[in-house]
Amino acid sequence: IVRNPDGSGHRAIVKDPIRYEFTGDQKADDYIWEETEKLIKEGKDVILDYGFWNPETRQKVKEKALKFTSSIKWHQLICGLDEAKERVLKRKVSG
C-alpha cells in the first residue's frame, strides 16, 4: 500500500498479480477490498490490477464489487500470447 505524500489518498500494489491470483493471500485480499470499498464510498475511483486472466476471476471480482458500487469499468489491453509471456518473463527478471 502506497500513500500519497500529500495525504490525498493511496494505492494498493500487488507486485506479481499472476502469482497472487493462484496463491490467494486472503489477508492481503481482504485488506485490498476493505480499502477499495472505503475509497469508493468516499467518491474516489479505484483501479484493481490483478491481471484477471480468466472469466471466472472476473466474475468473482464483479460480484464482490457490485456489493458496494454499480459503476464498474473493465479495461483490456490486448497483445499476442508470445508478447504477454515475454512481458511476464521480463517482470520476473527485473524483480
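Just above, that's the structure.
Here is what the cut-offs are and how they apply
Residues numbered from 1 in each chain as written. Predicted model: local features only at pLDDT ≥ 70, side-chain atom pairs only at ≥ 80, totals over all residues. Heavy atoms only, no water. Helix = DSSP H or I, 4+ residues; strand = E, 2+ residues; numbered from the N terminus. Buried < 20%, exposed > 50% of the residue type's maximum accessible area, 1.4 Å probe, protein only. Contact = heavy atoms within 4.5 Å. Areas by Shrake-Rupley, 256 points an atom, 1.4 Å probe, with all protein chains shown as cover. Salt bridge = Lys/Arg side-chain N within 4 Å of Asp/Glu carboxyl O. Polar contact = N/O pair within 3.5 Å; in protein donor to acceptor, adjacent residues only side chain to side chain. Phe/Tyr/Trp six-rings, centres within 6.5 Å; stacked < 30°, edge-to-face > 60°.

(A) A look at the overall build of the protein. From N to C terminus, the protein includes four helices and two strands. Across the protein, helices and strands are ordered from the amino to the carboxyl terminus as β-β-α-α-α-α. Taken over 95 residues, the protein has a buried fraction of 19%. Look at the contacts in the protein between residues 6 or more apart in sequence, and 47% of them connect residues 24 or more apart. Surface exposure of the protein reaches about 7900 Å², of which carbon and sulfur atoms provide 53%.

(B) A look at the pattern of salt bridges. Tallying each qualifying case throughout the model produces five salt bridges. In this structure, E37 engages K41 in a salt bridge whose closest nitrogen and oxygen atoms are separated by 2.8 Å. Pair noted here: E37 and K41 are both in helix α2 (residues 26-41), with a separation of four residues, about one helical turn. The class of K41 is exposed, set by a relative accessible area of 60%.

(C) Layout of the side chain of T69. Inspection of the secondary structure assignment puts T69 in the loop between α3 (55-65) and α4 (81-94). A distance of 3.2 Å separates a polar atom in the side chain of T69 from the backbone nitrogen of S71.

(D) The packing of aromatic side chains, seen in detail. On inspection of all chains with the given rule, the structure shows one aromatic pair. Taken together, a centroid distance of 6.0 Å and an interplanar angle of 70° make the contact between W33 and F68 edge-to-face. With W33 in helix α2 and F68 in the loop between α3 and α4, the pair connects residues that are 35 residues apart, well separated along the chain. Assessed through its relative accessible area of 8%, W33 is described here as buried.

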